[in-house]
Amino acid sequence: MHKTIDLFYRFLEILLILLLSGMALMVFGNVILRYGFNSGLTVSDELSRYFFVWLTFIGAVVAFREYGHLGVETLVAMFGRKGRIFCMILSNLTIILCSGIFFWGTWVQLPINSSMVAPVTGLSMAWVYGVGFFTGAGCLLISLERLVRLVTGRVTDDEIAAFAGENMTIEQMAERT
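These numbers were taken from a predicted model, which means no experiment stands behind them. (Residues numbered from 1 in each chain as written. Predicted model: local features only at pLDDT ≥ 70, side-chain atom pairs only at ≥ 80, totals over all residues. Heavy atoms only, no water.)

## Describing the overall build of the protein chain
Threshold: Helix and strand assignments come from DSSP, with helices taken as H or I runs of at least 4 residues and strands as E runs of at least 2, each series counted from the N terminus. C-alpha atoms define the radius of gyration in this analysis, and the globule rule sets the expected value at 2.2 Å times the number of residues to the power 0.38. Relative accessible area decides the class of each residue, using a 1.4 Å probe on protein chains only: under 20% of the type maximum gives buried, over 50% gives exposed, and in between gives partly exposed. The contact criterion used throughout is that any non-hydrogen atoms of two residues lie within 4.5 Å. Surface exposure here means Shrake-Rupley accessible area, sampled with a 1.4 Å probe, where a residue is shielded only by the protein chains that are shown. A residue counts as positive if it is Lys or Arg and as negative if it is Asp or Glu; His and the chain ends are not included. Where a charge lies is defined by one atom per residue type: Lys uses NZ, Arg uses CZ, Asp uses CG and Glu uses CD.
Looking only at helices and strands, the protein chain features eight helices and zero strands. Going from the N terminus to the C terminus, the protein chain shows its helices and strands as α-α-α-α-α-α-α-α. Rg of the C-alpha trace for the protein chain: 20 Å, well past the compact-globule value of 16 Å for 177 residues, more than 25% over. By residue count, 33% of the 177 residues in the protein chain fall in the buried class. Sequence-distant contacts, at least 24 apart, represent 75% of the contacts inside the protein chain between residues at least 6 apart. Split by element, the accessible area of the protein chain, about 11,600 Å² in all, is 72% carbon and sulfur. Distance from the positive charge centre (12 side chains) to the negative charge centre (13 side chains) of the protein chain: 5 Å.

## Here we look at the nonpolar core
Soluble globular proteins tend to pack their nonpolar side chains together in the buried interior. What counts here: Nonpolar cores were defined as sets of buried Ala, Val, Leu, Ile, Met, Phe, Trp, Tyr and Cys residues, with membership established by side-chain atoms within 4.5 Å.
Ranked by size, the top nonpolar core spans 13 residues in total, and within it Tyr9 and Ile58 carry the most contacts. In this structure Ile58 touches Leu12, Leu15, Leu16, Leu19, Val131, Phe134 and Thr135, once residues within four positions along its chain are discounted.

## Quick word on the side chain of Arg84
Where we set the bar: Identification of polar contacts relies on pairs of N or O atoms within 3.5 Å, with a donor-acceptor requirement for protein atoms, meaning one able to donate a hydrogen and the other able to accept it, and with residues adjacent in sequence counted only if both atoms are side-chain atoms.
Here Arg84 shows up in helix H4 (residues 81–114). Within polar-contact distance, the side chain of Arg84 engages the backbone oxygen of Val76 at 3.4 Å. A polar contact of 3.1 Å, which involves the side chain of Arg84, links it to the backbone oxygen of Phe79.

Laid out in structure tokens, this is it:
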């Protein structure tokens, strides 16, 4: 099961690379066309914006799995094991609530987005903003799984250290500031 999940996240990382590359190529190509040939591709601006939206929301799920989001490690690091586990439970409960609200909001907004189309491509805006389903469900499932492991006592010391920010090298900590 873990191998399948790791393969899925590897696929997401490749998808993120493709979205970022596609976005960069479209914008760069459009700049060359506009300044070099006094023309451009109108679809380039629109698709690069949509790629950026998907890149951000898919990347949020990948970063959440890797404990890559902003945290309050200074406060959590002051606690012992039980205090850290309590903070992890509280954090995951909050994330479950927020992810559920995000998923529900995407669901409520879906009929409005379905009725609108993008000006250049004619793409339904439900495809653009429907990524909220993936992000809401992804973060919700990750948090639920972590919460179950916390409550049943199956959380590892490495996960607690990652939550407290203790597993990072000096270079990684400098990168986050």
